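Chain by chain, the residues:
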Amino acid sequence: MQRLMLLIIVFFIILFFLYLPELFPSCACCGKKKPRPFFRIHRAVSLSPGYKGCRSVCTRCCRKHDLNDLKDLDRLSQISRKVKIRRLSDDF
Ligand SMILES: [Zn+2]
């Protein structure tokens, strides 16, 4: 009987870790982990479990960078990459 209880507890721990990215997604913009209600964008992008499977942007980053969609996030990351490359080439 005790062994069964242990099995159930282990099962719930695994379940908890599987659903952790759903409950506490990590922001793709600022990298912080926050509870789900603080996120405006939360979408599954692949079937892989964990934090790799979904992309989320918190409400603060959405407001800060004026993001409405994951497309906006991609554009933002592209722009910031371009700026970085330009800054690096200016140094030479
Ligand atoms: Zn954020």
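This text follows the structure it describes.
Attention here is on the structure that accompanies the text. (Residues numbered from 1 in each chain as written. Predicted model: local features only at pLDDT ≥ 70, side-chain atom pairs only at ≥ 80, totals over all residues.)

**Some words on helix H3 (residues 70-91)**
Then step 1. In this model H3 runs 32 Å from its N-terminal to its C-terminal C-alpha over 22 residues, within 8% of the 32 Å that 1.5 Å per residue would give.
Then step 2. Where burial is concerned, little of H3 is hidden: one out of the 22 residues are buried. (Helix = DSSP H or I, 4+ residues; strand = E, 2+ residues; numbered from the N terminus. Expected span 1.5 Å × (residues − 1). Buried ≥ 20, exposed ≤ 12 C-beta atoms within 10 Å, placed from the backbone.)

**What to know about the environment of Phe11**
Then step 1. In this structure, Phe11 sits in helix H1 (residues 2-23).
Then step 2. Accessibility expressed as a C-beta count within 10 Å gives 10 for Phe11, which makes it exposed.
Then step 3. Residues Phe11 and Val57, spaced 46 residues apart in sequence, show a C-alpha to C-alpha distance of 30 Å.

**Let's talk about the pairing of strand S2 (residues 54-58)**
Then step 1. Of all five residues in S2, four are buried, a share of seventy percent or more.
Then step 2. Of the strand pairs in this sheet, strand S1 (residues 39-44) and S2 are connected by five bridges, and their pairing is antiparallel. What sits directly across from Phe39, in S2, is Cys58. (Pairing = 2+ DSSP bridges.)

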